[in-house]
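Fold and contact review
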Amino acid sequence: MSIASVSHRYVLGGICHGSLCYVDENTAVWAAGGNMVVTNLENLKQKFIPIPGGIRHLTVSSDHRIIAVAGGEGVTQWEVAGWRRRKLVVGPNGEKDFVCVAFSSDGKYLVGVEPTGGLLMWSWERGKVVGGFQFPVTEEEMQQQVELAVEDRDVCFLVGGKCYRGICGEAGVWSAEQAGDKNVSYSATLWISATETTGARLALGTTHGEIHVLSGWNIVHRIKDSRIGAITSLLGIGRGFAVAGSDGNEVILYDESERLNVREVKRVPIGEGATPWITGSGVDRAIWVVRAGGIWKFNIGETKGPGAEEASPPTLLIPGFHTASITSLDLCTRKPILMTCASDRTVRIYNYETHQMIIERTFSEELWSVALHPSGLWCLIVGGDKIRICTILDGELRINREIGVRGCRECRFSNGGHLFATTHTNIINLYHTYTFDLYTTLKGHTQRINSLQWSEDDRFLVSAGAEGAVYCWDVRDGRRVNEHVVKGNCYTSAVGGDGGGRMWCCGSDSTVKEVTESTVSVEWPSDVALTQIALSHDKKMLFTGTATGAIRALKFPLSSRPEEFQEHAAHSAPVTKLRISYDDQYLFSSAADGTVYCFRIAGGEKGVRTERNMAWADEILITKSDLEERQLLTSELNHQLTELQLEHEYQLRLCDMTYNEKLKEVTERYSGELEALKITLNNVRAEKDKEEVRREEERSMALDKHKEQVHKRSTTSNLWISTKSFSLRRRGLKGCRHRGKPS
């Protein structure tokens, strides 16, 4: 006996107004059921932080260091660096439930609003209540959208379209009054950052496309734009702010001039689609546009001055998902895809390995159930009073046939894919997949059928009804081989083992029953109502979904001890479907809160899990008309390519001829110039030789003249020296004679 080890892998959906926080350009945090999901937008890896009591609202401080989470057990603060829990604050009288929270612009105070309209302000670092006040609002108004904006101790509170001003004095004494225009309905609020010359001012968006700018709580500007519709959100950017509306396909940027006038400076197109709202850091020029559960990133660029630039194209960060209760979910055998339908009347097919949305289609009727063929090439869609048999093409769902059935709420393909089962209120109809002929009808239930499941060999079909009956049918002869009936109980889900001898079911009595040969052999009690049950394909792991949104892994084989399970925080609403992948590696759950959780199954206590080694199929279907159209297009493109190649070759030949002529002309011209240069060079060389001979002759004559002059001067010098020497000797002899005479 063991309990399967399950870990969160990722979640789809949950992104809505008031649940998303911008941490930095690569990190987003939002509430998904009972978890705070931290998502790396580069690799889409997610970190799950369970919040006891669920999450009502998220907000981030102005420096993006602290996130406050309002839940059923108070307001908790989390450090973004390391995701460490800082404090849990509650009201002075133990109040724990808050529908909206907001930090003041300086990050010193935290304000929370209770479901009754009571407001509390904390100095959150000390965990001390600064003050509180009861706004004069009704419970009906509190059921509508609630907005908070806090500047120091000045609070703007929007609820039911009304704007209230709350001021907390130093002594903790509050005063409150209705502000703005009492004849309009407000939908968004924002404090515009203070500057060196002006204090903080308040911007209010209305449901009629107007923006009111308040200074000293008096309206000083009214901005009207009929193209944007009801204002959904305001985002502060520098000295100005950005605006998004319900009818607009663009985000409008306003700036505050030096004369304190608010003027439009730019419009950023965001494309058509569902009602958008915006968020961001308010520091850089990047904004996130949230639409239909998806996040797109826009870089709005500089708005004025020499550095003004155009906005960058949008970048999809998180694909969109359902925005309403998910009514059905199914998987297939041969491809890693899941299919969902929801109350927003959309069907989505998602690749759960690549995290890519493959197909999205909107219908005009309410959708109740979907089923994927094991091959992943066909599907069933139940909506209105029809069963649609569709072919899954490349990026498209094409309806092949419609079967009119009233009161159908469930459908399932057999594991072999040759049959599919549908419900008709309290009757089960089995059809041939490829001929659409009715195979057989199973009658026995007296109320709506809530669940269908085929056995591995497709011999048996297990059904659970709202009247408290669970049946196992032999589809060959339509007889019941196993049954369990409890009047007054509403069974919502049931699964069966091979051979039809055992069944496991859950319902409104908060128990899981193991039925063997029409007798309850084991009954496992639960402290909450159970809505869904799933059995792994290897028949070694059992999971249940609860009415509170949690997923429980039960010890299997089942025992009657209530503590033998592991609970994993997931949704914030009842689980609507549980499915296990064919290789028993992933568990998928959907819920009424519009989210789908994917869990990694690691096996039981010893980590043992049967691996079904198989390669995913990469085939896709295409209709003959589409194939012919693509072939025709390919033929036309090939013909165009051939023509372009011929034209290209012809142009190349023309270019070769032209360039050859130019080359010949240039060669001849430069050859003549080269010959002329050679002649000139020879003449220059001859002149050079003549000049060298002349220079040599002149040098020789100069040398001879020089030698002659040297000889002449040498002879003259020697003569002069001899004459001088003779003269001196004569003078010396005369002196000797004169000195030799007696006196």
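Residues numbered from 1 in each chain as written. Predicted model: local features only at pLDDT ≥ 70, side-chain atom pairs only at ≥ 80, totals over all residues. Heavy atoms only, no water.

For the protein chain, the helix and strand inventory stands at 2 helices and 57 strands. Expected size for 743 residues packed as a compact globule is a radius of gyration near 27 Å; at 45 Å, the protein chain overshoots this value by more than 25%. Dimensions of the protein chain, computed from C-alpha atoms along their principal axes, come out at roughly 185 × 80 × 65 Å. Within the protein chain, the fraction of its 743 residues that count as buried is 49%. (Helix = DSSP H or I, 4+ residues; strand = E, 2+ residues; numbered from the N terminus. Rg over C-alpha atoms; globule rule 2.2 N^0.38 Å. Buried < 20%, exposed > 50% of the residue type's maximum accessible area, 1.4 Å probe, protein only.)

The 4 strands lie next to each other as E43-E44-E45-E46, forming an open sheet whose pairing is antiparallel. Each having just a single partner strand, strand E43 (449-454) and strand E46 (479-485) make up the two edges of the open sheet. The mean angle between the axes of side-by-side strands here comes to 15 degrees, regardless of whether they run parallel or antiparallel. Of the strand pairs in this sheet, E43 and strand E44 (residues 460-465) are connected by 5 bridges, and their pairing is antiparallel. Directly across from Leu452, in E44, lies its bridge partner Ser463. (Pairing = 2+ DSSP bridges. Axes fitted to C-alpha atoms, helices over the stretch in contact; angles between N-to-C directions.)

Attention now goes to the pattern of salt bridges. Tallying each qualifying case throughout the model produces 37 salt bridges. Arg222 serves as the salt-bridge partner of Asp181, at 3.3 Å between the closest nitrogen and oxygen. Note that Asp181 is positioned in the loop between strand E18 (174-179) and strand E19 (186-192) and Arg222 in strand E22 (residues 218-224), a separation of 41 residues in sequence. Across the pair Glu514 and Arg502 runs a salt bridge, and its minimum N-O distance is 3.3 Å. Residue Glu514 is found in strand E49 (residues 511-516), and its partner Arg502 is found in strand E48 (residues 502-507); the two are separated by 12 residues along the sequence. Residue class for Glu514 comes out buried when judged on its relative accessible area of 6%. (Salt bridge = Lys/Arg side-chain N within 4 Å of Asp/Glu carboxyl O.)

By the element assignment, Ser185 lies in the loop between E18 and E19. Residue class for Ser185 comes out partly exposed when judged on its relative accessible area of 25%. Each C-alpha atom, one on Ser185 and one on Lys162, is 6.1 Å from the other, the two residues being 23 residues apart in sequence. If we ignore the near neighbours within four places in the chain, the residues touching Ser185 are Gly161, Gly205, Thr206 and Thr207. (Contact = heavy atoms within 4.5 Å.)

Quick look at unusual backbone geometry now. Of the consecutive residues Phe556 and Pro557, the connecting peptide bond is found in the cis state with omega at 5 degrees. Along the polypeptide, Pro557 turns up in the loop between strand E53 (551-556) and strand E54 (565-568).

This brings us to the sheet that holds strand E47 (residues 491-496). Consider a sheet: its strands pair through backbone hydrogen bonds, and that pairing is either parallel or antiparallel. Pairing in this open sheet of 4 strands is antiparallel, and the strands run E47-E48-E49-E50 from one edge to the other. Across the chains shown, the open sheet's two edge strands, defined by having one partner strand only, are E47 and strand E50 (519-525). Recorded for the sheet is a direction-independent mean angle of 20 degrees between the axes of neighbouring strands. Bridging between E49 and E50 involves 6 bridges; their strand directions are antiparallel. Residue pairing for E50: Val512 is matched across the bridge by Trp524.

Moving on, we get to the side chain of His373. Within the secondary structure layout, His373 lies in the loop between strand E35 (367-372) and strand E36 (378-383). A relative accessible area of 4% places His373 in the buried class. Of the polar contacts made by the side chain of His373, one reaches the backbone oxygen of Gly417; its length is 3.0 Å. With sequence-adjacent residues up to four places away left out, His373 is seen in contact with Cys332, Trp378, Phe413, Gly417, Thr433 and Tyr434. (Polar contact = N/O pair within 3.5 Å; in protein donor to acceptor, adjacent residues only side chain to side chain.)

Next up on the list: the confidence of the model for the protein chain. Summarising the model, the protein chain shows a mean pLDDT of 86, and 92% of its residues fall at 70 or more. Segment residues 605-610 is flagged for pLDDT under 50; beyond a separation of four residues in sequence, or across chains, it makes 18 contacts in the model. (pLDDT = per-residue confidence, 0-100.)

Once that is clear, we can look at the nonpolar core. Of all hydrophobic cores here, the largest spans 32 residues; its most connected members are Leu20, Trp30, Trp288, Ile295, Phe543 and Leu587. Breaking this core down by element, the ones donating at least two residues are strand E2 (5-12), strand E3 (20-24), strand E4 (27-32), strand E28 (286-291), strand E30 (315-318), E53, strand E55 (575-580) and strand E57 (596-603). Residue contacts for Leu587: discarding those within four places in its chain leaves Phe543, Ile551, Leu578, Arg579, Ile580, Tyr597, Cys598, Phe599 and Ile601. Judged by nonpolar contacts, the second largest core, of 19 residues, contains Ala102, Val137, Met142 and Leu148. (Core = buried A, V, L, I, M, F, W, Y, C linked by side-chain atoms within 4.5 Å.)

This part is about the packing of aromatic side chains. Tallying each qualifying case throughout the model produces 15 aromatic pairs. Taking 4.6 Å as the distance between ring centres and 55 degrees as the angle between the ring planes, the aromatic pair formed by Tyr22 and Trp288 counts as tilted. Linking Tyr22 in strand E3 with Trp288 in strand E28, this pair joins segments that are 266 residues apart in sequence. For Trp288, a relative accessible area of 0% gives the class buried. Through successive ring pairs, a cluster of aromatic residues spans Phe48, Tyr597 and Phe599. The side chain of Arg409 reaches across the aromatic face of Trp368, ending 4.0 Å from its centre. The cationic tip of Arg480 hangs over the ring face of Tyr471; the distance from NZ or CZ to the ring centre is 4.5 Å. (Phe/Tyr/Trp six-rings, centres within 6.5 Å; stacked < 30°, edge-to-face > 60°. Lys NZ or Arg CZ within 6 Å of the ring centre and 35° of its normal.)

What follows concerns a nonpolar patch on the surface. A cluster of nonpolar side chains, contributed by Tyr650, Leu654 and Met657, occupies part of the molecular surface with about 280 Å² of accessible area. Relative to the assigned elements, Met657 resides in helix H2 (residues 624-740). (Patch = residues over 30% accessible without salt bridge, like charges linked within 9 Å, V, L, I, M, F, W, Y side chains within 5 Å. Areas by Shrake-Rupley, 256 points an atom, 1.4 Å probe, with all protein chains shown as cover.)

There is a patch of like positive charges on the surface, built from Lys724, Arg730, Arg731 and Lys734. Take Lys724: its relative accessible area is 44%, and that puts it in the partly exposed class. (Lys, Arg positive; Asp, Glu negative; His and termini not counted. Charge placed at Lys NZ, Arg CZ, Asp CG, Glu CD.)

Glancing now at the environment of Lys47. Structurally, the position occupied by Lys47 is in strand E6 (residues 46-50). Residue class for Lys47 comes out partly exposed when judged on its relative accessible area of 42%. Expressed as a C-alpha distance, the spacing of Lys47 and Glu125, which sit 78 residues apart in the sequence, is 25 Å. Discounting residues that sit within four places of it in the chain, Lys47 has contacts with Met36, Val37, Val38 and Trp83.

Attention now moves to the pairing of strand E52 (residues 542-546). Two faces belong to every sheet, and in a regular strand the side chains alternate between them. By the criterion of burial, E52 is predominantly enclosed, with 5 of the 5 residues buried. Side chains of E52 alternate between two faces, with Leu542, Thr544 and Thr546 and Phe543 and Gly545 buried alike. Direction of pairing for strand E51 (residues 530-535) relative to E52: antiparallel, over a ladder of 5 bridges. Bridge pairing in E52 places Gln532 opposite Gly545. Between E51 and the antiparallel strand that follows it, E52, lie 6 residues; Lys539 among them carries a positive phi value of about 60 degrees. The pairing of E52 with E53 spans 4 bridges and is antiparallel. Within the sheet, the bridge partner assigned to Leu542 lies in E53 and is Leu554.

A few words now on the pairing of strand E24 (residues 240-245). Burial analysis of E24 places 6 of its 6 residues in the buried class, the great majority of the element. Here E24 shows two buried faces, one formed by Gly240, Ala242 and Ala244 and the other by Phe241, Val243 and Gly245. Relative to E24, strand E23 (residues 231-237) runs antiparallel, the two being bridged by 6 bridges. Across the sheet, Leu235 pairs through a bridge with Ala242, a residue of E24. Between E23 and E24, which pair antiparallel and follow one another directly, the connecting turn spans 2 residues, one of which, Gly238, has a positive phi of 60 degrees.

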